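Overview (structure and organization)
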Amino acid sequence: MKRIKYIATIVMACLGFSSCDSVDCTLYNTVLCQMAFYDNNGLSVEITDTLTVTAAGTDSILYNKGLKTHSVGLPLSYHNDCDTLCLRISGRGYELKDIIYISKTNREHFESLDCPVNMFHEITGVSSTNNVIDSVRITSPSVIYNNGENIKIYLHTAAE
Amino acid sequence: MERTSRFICTLLLSSLIAIPACAKTSKYRVEQEMPPAKVLNGLGVGVDMVGFGMMLTNARFANMEVNGRLNILEKYFPVVELGIGQCDREGNEQATKFHTRAPYFRVGGDYNLTKKRNGNRLFVGLRYAFSSFNYDYSNPDFGDVVYDDHTPLQIEDMDGKMHWLEINVGVETKLWSFVRLGWNLRYKARLSNSFDERGEPWYTPGFGKNGGTTWGGMVNVMFDLDSFIFKKNKKKNL
């Protein structure tokens with residue numbers, strides 16, 4: 001009788017084994033390279049005219065006709081070693097254009113099987129043409145979820 | 001005649017009273033006279049049926065393992081468990097696939113709480129466990145929408161390691177001759193782990209779904225090798 005009880009307990013335990021899943025993805029599901037604009041004195045400036053950013057190799061517009069912009073968050077490519085970004089600042093009757101080159105390494109990032117796979121980047125170098133932009137500098141090379149400013153863009157004072 | 005009938009009646013009555021008394025005494029004697037358990041009281045090997053069941057039913061993951069243990073004084077049971085954990089799983093929301101197949105091992109012991117030696121055992125136990133493994137992630141739909149680059153993702157042989165502790169309670173009973181059946185419930189707590197910077201493994205062999213703690217269970221079929229061997233020897237001697 002005791003053995004029957006033991007065996008019954010074992011069977012019940014087998015039937016009772018179960019588990020449940022919960023999806024726990026991060027709220028930050030996009031990875032953006034954050035760039036902020038500064039004057040020659042290192043003070044934050046606002047681009048009052050229209051700013052548009054495109055990238056070489058794609059028709060996508062990364063940042064479309066922004067006004068009063070003091071910083072932008074731009075997606076970087078998943079597989080290219082170097083991204084070429086084109087900044088256009090336009091006003092009444094004029095358009096100024098500069099190109100920023102961002103060298104980087106890319107690595108995939110898995111949060112969970114049920115969350116989207118994302119691509120993190122490590123910026124290794126940055127340079128630009130100098131029509132509006134005076135210089136560019138890396139602040140934080142890691143482009144990951146919500147990591148703050150990555151690149152400082154110093155503008156010519158005359159172009160502000 | 002009257003004397004004889006009185007004697008028989010007295011004998012019957014006294015026997016009715018004496019039989020239960022004798023029975024109690026003999027039972028008491030059996031318990032008292034049970035020889036003390038030997039220091040090395042046996043050797044057993046077993047296999048976990050849950051893991052094989054999960055593998056056959058194509059469950060999300062399966063830990064297939066065998067174990068060996070010593071029986072010391074019928075109280076202490078040092079245990080070694082070796083297994084292979086495998087997992088092939090695709091995400092519900094995304095097309096990301098995870099794969100791993102690697103060995104793991106556990107070492108520890110059980111303590112038998114039952115005092116009677118009637119074939120049933122109630123265990124509490126502790127295990128230290130470790131697994132070093134490689135894992136893969138892949139996603140055929142992975143693509144860069146902004147830059148219009150749709151290269152399928154395939155990352156292989158990422159390294160993972162994990163150390164953890166397990167606390168278990170379980171019962172076991174003798175089914176037949178040298179065959180025993182038991183189950184146990186385990187609480188697993190991670191001690192440390194390391195993994196590839198690109199992402200944690202979804203599953204760790206022997207542990208289960210990755211996390212700080214988890215629960216597990218096993219249904220063991222055990223074979224007492226000593227009683228099996230002794231029985232064979234006895235048959236030979238006969």
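Residues numbered from 1 in each chain as written. Chains lettered and ligands numbered in written order. Predicted model: local features only at pLDDT ≥ 70, side-chain atom pairs only at ≥ 80, totals over all residues.

Focus on the overall build of chain A
- Across its full length, chain A carries one helix and 10 strands.
- Along chain A, helices (α) and strands (β) appear in the sequence α-β-β-β-β-β-β-β-β-β-β when read from the amino end.
- Out of the 160 residues in chain A, the part that is buried amounts to 23%.
- Counting contacts in chain A only where the partners sit at least 6 residues apart, residues at least 24 apart contribute 51% of the total. (Helix = DSSP H or I, 4+ residues; strand = E, 2+ residues; numbered from the N terminus. Buried ≥ 20, exposed ≤ 12 C-beta atoms within 10 Å, placed from the backbone. Contact = placed C-beta atoms within 7 Å.)

Considering the overall build of chain B
- Each helix and strand counted, chain B has three helices and 10 strands in total.
- Mapped in sequence order, the helices and strands of chain B form the string α-β-α-β-β-β-β-β-β-β-β-β-α.
- Split into buried and exposed, the 238 residues of chain B put 26% on the buried side.
- Across chain B, contacts joining residues at least 24 apart in sequence account for 61% of those joining residues at least 6 apart.

Focus: the sheet that holds strand 4 (residues 71–74) of chain A
Residues and elements named next belong to chain A.
- In space, the four strands of this open sheet follow the order 4-1-10-8, with mixed pairing throughout. The open sheet has two edge strands, strand 4 and strand 8 (133–138), and neither has a second partner. Averaged over all pairs of adjacent strands, the angle between strand axes in this sheet comes to 20°, irrespective of strand direction.
- With five bridges connecting them, strand 8 and strand 10 (residues 151–155) associate as antiparallel partners. (Pairing = 2+ DSSP bridges. Axes fitted to C-alpha atoms, helices over the stretch in contact; angles between N-to-C directions.)

Here's the deal with the sheet that holds strand 5 (residues 121–139) of chain B
Residue and element names in this part refer to chain B.
- Spatial strand order, 1-2-3-4-5-6-7-10: eight strands in a closed barrel with antiparallel pairing. Strand-to-strand twist of the sheet, defined as the mean angle between neighbouring strand axes without regard to direction, takes the value 25°.
- Bridge analysis of strand 4 (residues 97–112) against strand 5 gives 13 bridges, and the strand direction is antiparallel. From the neighbouring strand, His99 faces strand 5, where its bridge partner is Asp136.

Some remarks on the interface of chain A and chain B
- The interface is formed by 27 residues belonging to chain A together with 28 residues belonging to chain B.
- Looking at the side of chain A that touches chain B, the element that brings in the most residues is helix 1 (residues 2–16) of chain A, giving eight residues.
- Classifying every residue of the side of chain A that touches chain B gives 15 nonpolar, seven polar and five charged. (Nonpolar A, V, L, I, M, F, W, Y, C, P; charged D, E, K, R; others polar.)

Some points on the environment of His150 of chain B
Residues and elements named next belong to chain B.
- Among the structural elements, His150 can be located in the loop between strand 5 and strand 6 (153–176).
- His150 sits in the exposed class, given 12 other C-beta atoms within 10 Å.
- With 29 residues separating them along the chain, His150 and Val179 place their C-alpha atoms 57 Å apart.

Focus: the pairing of strand 2 (residues 50–55) of chain A
Residues and elements named next belong to chain A.
- As defined by bridge partners, strand 2 adjoins strand 5 (residues 82–91) across six bridges and the pair is classed as antiparallel. Considered in strand 5, the bridge of Thr50 is made with Ser90.
- Of the pairings in the sheet, the one linking strand 2 to strand 3 (residues 61–66) comprises three bridges and is antiparallel in character. Across the sheet, Leu51 pairs through a bridge with Gly66, a residue of strand 3.
- Taking the residues that link successive antiparallel strands as the turn, the strand 2-strand 3 hairpin has five residues, and the phi of Gly57 there is positive, at about 90°.

Some words on unusual backbone geometry
Residue and element names in this part refer to chain B.
- We note that Asp157 has phi near 60°; this positive angle belongs to a residue other than glycine.
- Looking at the secondary structure, you find Asp157 in strand 6.
- A positive phi angle, close to 45°, is found at Ser177, a residue other than glycine.
- Its place among the elements puts Ser177 in the loop between strand 6 and strand 7 (179–194).

Points about the environment of Asp157 of chain B
- Owing to 8 C-beta atoms within 10 Å, Asp157 of chain B belongs among the exposed residues under this scheme.
- With 39 residues separating them in the primary sequence, Asp157 of chain B and Asp196 of chain B have C-alpha atoms 9.6 Å apart.

Looking at the environment of Phe123 of chain B
All names here are of chain B.
- Among the secondary structure elements, Phe123 is positioned in strand 5.
- Residue Phe123 is classed as partly exposed on the basis of its C-beta count, with 19 C-beta atoms lying within 10 Å.
- With 10 residues separating them in the primary sequence, Phe123 and Phe133 have C-alpha atoms 30 Å apart.
- Setting aside residues no more than four positions away along its own chain, Phe123 makes contact with Asp110, Tyr111, Asn112, Val169, Gly170, Glu172 and Asn184.

Thoughts on the confidence of the model for chain B
Residue and element names in this part refer to chain B.
- Per-residue confidence for chain B gives a mean pLDDT of 81; residues scoring 70 or more make up 81%.
- Segment residues 1–30 is flagged for pLDDT under 50; beyond a separation of four residues in sequence, or across chains, it makes zero contacts in the model.
- As scored by the predictor, the complex reaches a pTM of 0.73 and an ipTM of 0.72. (pLDDT = per-residue confidence, 0-100.)

Observations concerning the nonpolar core
- Counting 23 residues, the largest nonpolar core has Cys33, Met35, Leu74, Leu85 and Ile102 of chain A as the members making the most contacts within it.
- Not counting chain neighbours up to four residues away, the residues in contact with Ile102 of chain A comprise Leu76, Cys82, Asp83, Leu85, Ile123 and Val126 of chain A.
- Within the second largest apolar cluster, 13 residues are counted, among which are Phe110 and Leu113 of chain A together with Ala62 and Tyr137 of chain B. (Core = buried A, V, L, I, M, F, W, Y, C linked by C-beta atoms within 7 Å.)

As for the pairing of strand 4 of chain B
Residues and elements named next belong to chain B.
- For strand 3 (residues 76–90) and strand 4, the ladder comprises 15 bridges, and the chain directions are antiparallel. If you follow Val80 over to strand 4, its bridge partner there is Val107.
- Where strand 3 folds back onto strand 4 in an antiparallel hairpin, the turn is made up of six residues.

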